[in-house]
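Residue-level listing of the chains:
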Amino acid sequence: MNDTREERTAHFDAFVRTLEQLAEIAGRLTDAENAKAQAASAGEHGKMDSFLREEQALLLKLRGLEQLRERQAAALGFQNLTFRQLLKKTEPEETAVLTPLFTRLEQQLKDLTDARETAGRIVTSRLREFEFLLGSDHLDSPPGTDVPSHFRDRYV
């Protein structure tokens, strides 16, 4: 890496901005997942399409930012390093900037994972209810029994 100090600083600043944007997108995805779970739980299925479209757009942004982050990390000599490994290679002033950012990212990714799992469970539960209601001639059979369902045949 033969960059001048100014070039490294510019690369590092761009890397930090990208990490901040990744954290923002992760937060927005978490909000979208929570809203999706709430709508599914409340039976407001008409809202799901807008949540799914928003989520899809955010995921595309996230992928693009992740690719940018990888290129920027490579330019700084951080290619294929975990956050902890990266912190060991940075100067003290860079470490001071990155540590709280990595902590924030780590928490937001945990929150996103939790929200996705919750939304997934709720949506799956609602789907089972629909399958039962649409595919069952036996209204007294509980969901999850061996009552045949034609919901997936028609709609999935």
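Residues numbered from 1 in each chain as written. Predicted model: local features only at pLDDT ≥ 70, side-chain atom pairs only at ≥ 80, totals over all residues. Heavy atoms only, no water.

## Focus: the pattern of salt bridges
Counting across every chain of the model gives 13 salt bridges. Note that Glu55 and Lys36 form a salt bridge whose closest N and O atoms lie 3.1 Å from each other. Of the two residues, Glu55 is situated in helix α2 (residues 48-75) and Lys36 in helix α1 (residues 5-41); the sequence distance between them amounts to 19 residues. Comparing Glu55 with Lys36, the two get one shared label, buried. (Salt bridge = Lys/Arg side-chain N within 4 Å of Asp/Glu carboxyl O. Helix = DSSP H or I, 4+ residues; strand = E, 2+ residues; numbered from the N terminus. Buried < 20%, exposed > 50% of the residue type's maximum accessible area, 1.4 Å probe, protein only.)

## Considerations on the packing of α1 against helix α4 (residues 92-135)
As a packed pair, α1 and α4 sit with axes 8 Å apart at the nearest point and diverge in direction by 20°. With respect to α4, the axis of α1 lies roughly parallel. Classified by chirality, the crossing of α4 by α1 is left-handed. (Axes fitted to C-alpha atoms, helices over the stretch in contact; angles between N-to-C directions. Parallel < 35°, antiparallel > 145°, perpendicular 65-115°, else oblique. Left-handed = near helix turned anticlockwise from the far one by under 90°.)

## Digging into the packing of aromatic side chains
Enumeration according to the criterion identifies two aromatic pairs in this entry. Taking 4.0 Å as the distance between ring centres and 10° as the angle between the ring planes, the aromatic pair formed by Phe83 and Phe102 counts as stacked. In this pair, Phe83 sits in helix α3 (residues 83-89) while Phe102 sits in helix α4, placing the two residues 19 residues apart along the sequence. (Phe/Tyr/Trp six-rings, centres within 6.5 Å; stacked < 30°, edge-to-face > 60°.)

## Topic: the side chain of Thr90
Locating Thr90 in the fold gives a position in the loop between α3 and α4. On the accessibility criterion, Thr90 (10% relative accessible area) is buried. A polar atom in the side chain of Thr90 sits 2.5 Å from the side chain of Thr95. Contact partners of Thr90, with chain neighbours within four places excluded, come to Phe78, Thr95 and Leu98. (Polar contact = N/O pair within 3.5 Å; in protein donor to acceptor, adjacent residues only side chain to side chain. Contact = heavy atoms within 4.5 Å.)

## Some details on α2
Here α2 spans 40 Å end to end across 28 residues, near enough to the 40 Å set by a 1.5 Å rise per residue. When we look at burial in α2, the residues that qualify are Met48, Phe51, Glu55, Leu58, Leu65, Arg69, Gln72 and Ala73. Next to the buried residues of α2 lie α1 and α4. Of the residues trailing α2, Gly77 is marked for its positive phi of about 85°. (Expected span 1.5 Å × (residues − 1).)

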